[in-house]
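Notes for the structure review
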Amino acid sequence: MSTSLAPASSAIDPSRVDGKPDGERRAARVRRGGLLAAGALAALVAGACGGRVVVDGFEPPPEGSDGAGGSWSSGDTASSASEGSSGIGQGGSIGEGGAPPIPPLVKEEHNNVGFDDAIPVSVQPGTLGFTAVAEIMASSPSFEPIGIESIRGPDGRLLAADYTIPGTMAAFFNQGIGTAAVPQTGADASAPLAPGIYWIKLGNGGAGPLAEPVRLSVWHRQTLDGRFHGGKIDINAFIAGDAISEQYMRRALLEAYEGYVGLGVGSINVHHIGSEWEFVDEEVLPGLLEQTAGAPGRPALNVIAVTAFGGSIAQASGVTPAVPSVAVEHGTHLSGIVVTLYEEPSVDTVILRHELGHLAGLFHTTEFDADFGDPLDDTSQCGDVNSLMERCPDFGNLMFPTGGDFSGTLTPQQKAIVRASALYRGIVEQGGGAAVPLPADTPASGAPIAPPAPGEGARSFAPDRLASTAALPPHAAALLAGHFCGQSAARGADFDELLRAAGGADADRLLAVGRDPGVPAYVRARALTAAGRAATRSFASARVIAELQALAADPRLPRRARLGAVEGVASASRAAARALAARLTADPDSVVERMATRAAAR
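Notes on the structure follow. (Residues numbered from 1 in each chain as written. Predicted model: local features only at pLDDT ≥ 70, side-chain atom pairs only at ≥ 80, totals over all residues. Heavy atoms only, no water.)

**With respect to the pairing of strand 8 (residues 177–182)**
Condition: When a residue's accessible area, from a 1.4 Å probe over protein chains only, is under 20% of the maximum for its type it is buried; when over 50% it is exposed; and in between it is partly exposed. Numbering of helices and strands starts at the N terminus; helices are DSSP runs of H or I of at least 4 residues and strands are runs of E of at least 2. Following DSSP output, two strands are said to pair if at least two bridges run between them.
Of all six residues that make up strand 8, six are buried, and the element is covered over most of its length. Of the two faces of strand 8, the one lined by Ile-177, Thr-179 and Ala-181 and the one lined by Gly-178, Ala-180 and Val-182 are each fully buried. Pairing between strand 4 (residues 127–136) and strand 8: six bridges, direction antiparallel. Among the inter-strand pairings, Ala-132 is bridged to a residue of strand 8, identified as Ala-180.

As structure tokens, this is what we get:
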């Protein structure tokens with residue numbers, strides 16, 4: 001039943017991902033922190049031409065009539081879809097209040113853009129924000145870097161410079177596509193956005209010409225009065241192999257996104273991709289995101305569920321390729337978020353919401369490197385995440401690097417940034433209806449599933465209980481029980497190093513967590529993986545490896561815990577990993593068998 005909307009990349013060439021820096025200070029600086037970006041930045045000089053087109057299901061006004069936000073072309077207008085179209089209505093009724101009188105989302109396009117001059121972008125009254133997307137126009141997704149070098153406001157103030165926002169770890173460039181948004185700072189997070197001419201400059205560091213032309217698309221979010229009135233998030237869910245059941249995937253998405261910052265869930269379309277995508281590292285990630293090509297709807301959030309992450313993003317539970325990423329194009333290297341879901345509703349909700357925050361333009365409130373954090377005025381920052389952790393003043397915020405206390409709190413400025421994004425089908429007036437999406441060309445799979453009632457199936461887990469049962473220090477317990485974000489890994493944070501620094505490097509204590517049936521399976525998995533890595537520094541490594549092998553082979557353990565033990569064995573000993581893979585041949589759980597075989601081959 002595995003079907004992919006885009007041809008699977010059967011072999012991901014690491015040379016396409018690993019770039020060769022040109023040594024220039026600025027190029028090195030902009031590469032820092034990019035999850036996918038690699039290679040030297042290059043230059044292309046060409047003329048720029050532009051126009052505005054409308055998406056989000058709005059029918060453009062007749063020629064010669066007045067239209068808010070500029071003049072409309074007929075090139076990219078969504079046709080109407082009936083309320084009974086496939087996939088519609090699973091998160092509530094759509095179109096209540098009637099069709100919007102103006103387009104909620106407007107696409108302005110500039111083709112053959114050069115790097116020498118800034119491009120003027122006119123922001124009209126009533127605009128909540130805009131998202132700029134620079135893209136290399138090639139026949140297949142390009143691995144050459146491209147980015148938003150700077151954005152200047154109508155008052156002359158720099159909103160982004162040198163591919164970043166000072167004080168953040170932003171990198172507004174990537175492989176074949178680069179993005180930035182306004183607002184992403186506290187100074188611009190009030191709605192509506194200041195109208196006037198904004199200037200956007202693209203670049204790649206001036207290291208040489210590109211073979212393909214470059215396009216700049218600017219997606220304007222607007223309402224009649226410049227206030228937020230809600231909207232619908234359409235979702236394309238991709239399940240790699242047997243990573244998660246379709247039923248749970250639907251429930252988790254509804255639980256996470258219904259009501260998120262005042263938005264509702266529109267359609268959920270589920271697609272299945274091959275088991276070769278179940279395990280993802282930083283080299284495979286671009287090819288995985290390409291699998292979203294052909295997905296229905298714009299704007300639409302692509303959520304890819306995998307079994308596990310490895311490489312530099314090992315122990316992560318969610319990865320978003322850039323801040324922001326895109327929901328208005330599919331099949332690019334920024335087209336969605338990638339998660340592993342634990343079937344712990346309270347935890348999975350935080351993972352999904354945290355990663356969607358990144359896609360919409362939110363940074364971590366504080367990074368593990370405390371010199372960096374978000375540029376907002378109403379979020380707290382922590383002086384030292386590593387030593388304070390659960391005592392940090394921003395620990396209760398959704399965008400704390402570990403997801404914090406799982407309360408999911410967002411500040412008004414954080415909400416304003418998400419609401420200003422090109423993520424959803426908008427409502428432009430009080431009591432109005434959301435624009436209809438572009439017609440789906442892939443039917444929704446299965447019947448609609450109602451979201452769980454509040455608290456149904458949810459199980460909170462207090463890190464202090466973990467600390468007491470396994471004698472782990474509180475900071476180590478908080479790390480094991482928290483959300484480890486791929487953005488942190490991309491910025492140089494290593495989960496195992498963080499765990500060791502927090503006092504969680506004792507293999508026997510970690511094994512105790514892994515054996516405890518009262519601990520959530522994902523926490524057990526992380527502890528068992530960490531135990532394997534700790535075993536390499538232990539005099540009792542042979543005993544620890546043997547116990548990990550036994551746990552990995554025990555069919556009574558939850559799959560997630562068994563997979564953690566498999567990774568622990570592979571981390572400790574290649575020979576032991578090969579022996580374990582042979583032992584698990586024809587295991588009743590095919591996912592465990594496949595992951596053991598993969599781990600032994602690494």
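Here the narrative resumes, following the displayed structure.
**Focus on the pattern of salt bridges**
Two side chains of opposite charge can pair, provided their charged atoms sit close to one another. Selection rule: A carboxyl oxygen of Asp or Glu within 4 Å of a side-chain nitrogen of Lys or Arg is what we treat as a salt bridge.
Scanning all chains against the criterion turns up 16 salt bridges. Here Asp-234 makes a salt bridge to Arg-425, at a shortest N to O gap of 2.6 Å. Taken together, the residues span a long stretch of sequence, with Asp-234 in strand 11 (residues 231–240) and Arg-425 in strand 18 (residues 425–426) at a distance of 191 residues. Taking relative accessible area as the criterion, Arg-425 reaches 0% and is therefore assigned buried. Close ionic contact of Arg-543 with Asp-508 constitutes a salt bridge, the shortest N to O distance being 3.0 Å. Placement of the pair is Arg-543 in helix 13 (residues 541–552) and Asp-508 in helix 11 (residues 507–515), with a sequence separation of 35 residues. Relative accessible area serves as the criterion here: at 42%, Arg-543 is assigned to the partly exposed category. Judged by relative accessible area, Asp-508 falls into the partly exposed class, the value being 39%. Salt bridges linked by common partners bring Glu-135, Arg-215 and Glu-329 together as one network.

**Section: the packing of helix 11 against helix 13**
Each pair of packed helices can be described by the angle between their axes along with the distance between the axes. The following threshold applies: An axis is simply a line fitted to the C-alpha atoms; with a helix, the fit covers only the stretch in contact. Between two such axes, the angle follows the N-to-C directions and lies from 0 to 180 degrees. For this classification, under 35 degrees means roughly parallel, over 145 means roughly antiparallel, 65 to 115 means roughly perpendicular, and everything else is oblique. Contacts are assigned to residue pairs that have any heavy atoms within 4.5 Å of one another. Amino acids are sorted into nonpolar (Ala, Val, Leu, Ile, Met, Phe, Trp, Tyr, Cys and Pro), charged (Asp, Glu, Lys and Arg) and polar (every other residue, Gly among them).
Two numbers describe how helix 11 lies on helix 13: the axes approach to 11 Å, and their chain directions differ by 10°. By the angle class used here, helix 11 and helix 13 are roughly parallel. Where helix 11 approaches helix 13, its residues Ala-507, Asp-508, Leu-511 and Arg-515 are matched on the opposing element by Arg-543, Val-544, Glu-547, Leu-548 and Leu-551. Grouping the amino acids of the contact of helix 11 with helix 13 by side-chain chemistry returns five nonpolar, no polar and four charged.

**Observations regarding unusual backbone geometry**
In this model, Arg-298 is joined to Pro-299 through a cis peptide bond whose omega is -10°. Here Pro-299 is to be found in the loop between helix 3 (285–290) and strand 14 (301–305). The step from Val-323 to Pro-324 runs through a cis peptide bond, and the omega angle for that step is 0°. Within the element layout of this structure, Pro-324 appears in the loop between strand 16 (318–319) and strand 17 (337–339). Even without being glycine, Tyr-163 reaches a positive phi, approximately 65°. Along the polypeptide, Tyr-163 turns up in the loop between strand 6 (158–160) and strand 7 (173–175). Here the phi dihedral of Glu-343 falls at roughly 60°; this positive angle occurs in a residue that is not glycine.

Read these as layout, nothing more, since geometry by itself doesn't imply function.
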